[in-house]
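# Coordinates in review
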Amino acid sequence: MSEILILFDIDGTLLRTNGAGVSGFVEAGQRVFGIDFSLEGLLVGGQLDPLILQRALDKLGIEHNDAHLDIFRPHYHECLKRHFDSGDRSAVAMPGVHDLLNQLADHEAFDVGVLTGNLRETGELKLTAAGIDHAHFHIHAWGDEGEARHELPPVAMSRWQAHRSADRVFEQTVIIGDTVHDVSCGKANGCRVLAVCTGVDDRETLEQTEADLVVDDLSDTDGIMSWLMRA
Ligand SMILES: [Mg+2]
């Protein structure tokens, strides 16, 4: 019986795209909304893609409209895919990620999912480009499934309960992420949080949060597995 749900953030945690994510986002934005579209001065790490789009459009003085995201997303997918296909920017799994996912899959105490600001199709594209098998993740909470990141753990929770046809509580859930926003979204819902210093926020910043554990990267898989089992 599975007792613990592990929810991974994608960018900066499972992988890095070496700039393909931001480049693809900006190229798609420029294609759809004009050449002045940019992410300059905007917070990107730990944010939800629809909110990043909304803030970029705010900068251009374009009034918010739900249709903007629908129009934007296939272009974003296409631009991101072109980066990966051409090899000019490639996605790379972070240290220890493959081993950790394999160990979690072998252990019946765990269910594994993603909780991310990415949209489904571009999140899956990044995982594939980094050689990470989607089959590892049975539970998903994507960037367009809440108005803010702290709304995503309840989405994951209801899917986990449906997946297992059983009641579950947030204390049985661990969020693994690279920013202060991953930490605050987890703690706001009563999850345990493992913060990893492979993304935008450094160790000093993450140690000032309520994260239950801060690690440099995910390469100490045995140590992390024992910590995860201490529910
Ligand atoms: Mg991240």
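First things first, this report covers the structure right here in the doc. (Residues numbered from 1 in each chain as written. Predicted model: local features only at pLDDT ≥ 70, side-chain atom pairs only at ≥ 80, totals over all residues. Heavy atoms only, no water.)

### Remarks on the pairing of strand 6 (residues 173-177)
As a reminder, the rule being used: Burial here depends on accessible area, computed with a 1.4 Å probe over protein chains only, as a share of the maximum for the residue type. Under 20% is buried, over 50% is exposed, and the range in between is partly exposed. Labels follow the DSSP assignment, with helices taken as runs of H or I lasting at least four residues and strands as runs of E lasting at least two, numbered in each case from the N terminus. A pair of strands is treated as paired once DSSP finds two or more bridges between them. A crossover gets the label right-handed when its path from the first strand over the helix to the second runs clockwise, viewed with the strands pointing away from the viewer.
Taken across its 5 residues, strand 6 has 5 buried, putting it largely inside the fold. Burial of the side chains of strand 6 extends over both faces: Thr-173, Ile-175 and Gly-177 are buried on one face and Val-174 and Ile-176 on the other. Pairing analysis gives 4 bridges linking strand 1 (residues 4-8) to strand 6, with the strands arranged parallel. Looking at strand 6, one finds that Leu-5 is bridged to Thr-173. In terms of strand pairing, strand 6 meets strand 7 (residues 192-196) through 4 bridges, oriented parallel. Its bridge partner being in strand 7, Val-174 is matched across the sheet by Arg-192. Running through helix 7 (residues 180-188), the crossover from strand 6 to the neighbouring parallel element strand 7 is right-handed.

### Notes on the sheet that holds strand 6
For the record, the criterion: Here, axes are lines fitted to C-alpha atoms. For helices the fit covers the stretch in contact, and angles between N-to-C directions go from 0 to 180 degrees. Whether two residues are in contact is decided by their heavy atoms, any of which lying within 4.5 Å being enough.
Pairing is parallel across the open sheet formed by 6 strands, whose spatial order is 5-4-1-6-7-8. This sheet does not close on itself; its edge strands, each paired only once, are strand 5 (139-141) and strand 8 (213-215). Averaged over all neighbouring strand pairs, the angle between strand axes comes to 20°, with direction disregarded. Here strand 7 pairs with strand 8 via 3 bridges, running parallel. Residue pairing in the sheet places Leu-194 in a bridge with Leu-213 of strand 8. Set on the sheet, helix 4 (residues 97-106) makes contact with strand 1 and strand 4 (110-115); between it and strand 1 the angle comes to about 155°. Sheet contacts for helix 9 (residues 221-229): strand 1, strand 4, strand 6, strand 7 and strand 8; angle to strand 7, the most-contacted strand, approximately 160°.

### Section: the packing of helix 4 against helix 9
The following threshold applies: Roughly parallel covers angles under 35 degrees, roughly antiparallel covers those over 145, roughly perpendicular covers 65 to 115, and oblique covers all other angles. Take the far helix as your reference; a near helix turned counterclockwise from it by less than a right angle gives a left-handed crossing, and one turned clockwise gives a right-handed crossing. Note on residue classes: Ala, Val, Leu, Ile, Met, Phe, Trp, Tyr, Cys and Pro are nonpolar, Asp, Glu, Lys and Arg are charged, and everything else, Gly too, is polar.
One way to put it is that helix 4 packs onto helix 9 with a least axis distance of 10 Å and a crossing angle of 40°. When the axis of helix 4 is compared with that of helix 9, the two are oblique. Where helix 4 crosses over helix 9, the two elements pack in a sense that is right-handed. Residues Asp-99, Leu-100, Gln-103 and Leu-104 of helix 4 form the contact with helix 9, whose participating residues are Thr-221, Asp-222, Ile-224, Met-225 and Leu-228. Each residue belonging to the contact of helix 4 with helix 9 can be placed in one class, and the counts come to 5 nonpolar, 2 polar and 2 charged.

### Here we look at the environment of Arg-164
The topology assignment puts Arg-164 in helix 6 (residues 152-164). Between the C-alpha atoms of Arg-164 and Asp-111, which are 53 residues apart in sequence, the distance is 9.6 Å.

### Brief notes about helix 4
Residue pairs three or four apart in sequence face the same way in an α-helix, which turns once every 3.6 residues. Rule in force here: Directions are taken from the helix axis to each C-beta atom, and the arc is the one they span.
Buried within helix 4 we find Val-97, Leu-100, Leu-101 and Leu-104. Projected down its long axis, helix 4 carries its buried residues within an arc of 95°, all on one side. Close packing links the buried residues of helix 4 with strand 1, strand 3 (92-93), strand 4 and helix 9.

### Digging into the pairing of strand 7
Across the 5 residues that make up strand 7, a large majority, 5, are buried. Residues Arg-192, Leu-194 and Val-196 line one face of strand 7 and the alternating positions Val-193 and Ala-195 line the opposite face, and both faces are buried.

### Some details on the pattern of salt bridges
We count it as follows: The term salt bridge refers to a side-chain nitrogen of Lys or Arg lying within 4 Å of a carboxyl oxygen of Asp or Glu.
What the rule picks out here adds up to 14 salt bridges. With a closest N to O distance of 3.0 Å, Arg-203 and Asp-216 form a salt bridge. Taken together, the residues span a long stretch of sequence, with Arg-203 in helix 8 (residues 203-207) and Asp-216 in the loop between strand 8 and helix 9 at a distance of 13 residues. Overlapping salt bridges bring together Asp-9, Arg-149 and Asp-182 as one network.

### Some thoughts on the packing of aromatic side chains
Worth spelling out the cut-off: A pair of Phe, Tyr and Trp rings is counted when the ring centres sit within 6.5 Å of each other, with Trp represented by its six-membered ring. The angle between the planes then sorts it: under 30 degrees is stacked, over 60 is edge-to-face, the rest tilted. Here, a charge over a ring is recorded when the distance from Lys NZ or Arg CZ to the ring centre is within 6 Å and its angle to the ring normal is within 35 degrees.
Using the criterion set out here, one finds 7 aromatic pairs in the structure. A connected cluster of aromatic rings, assembled from ring pairs, spans Phe-25, Phe-33, Phe-37, Phe-72 and Tyr-76. Here the basic side chain of Arg-168 rests over the ring of Trp-160, its NZ or CZ set 5.0 Å away from the ring centre. The ring of Trp-227 is capped by Arg-192, whose NZ or CZ atom sits 4.5 Å from the centre of that ring.

Everything listed here is a matter of coordinates, which is why it stays silent on function.
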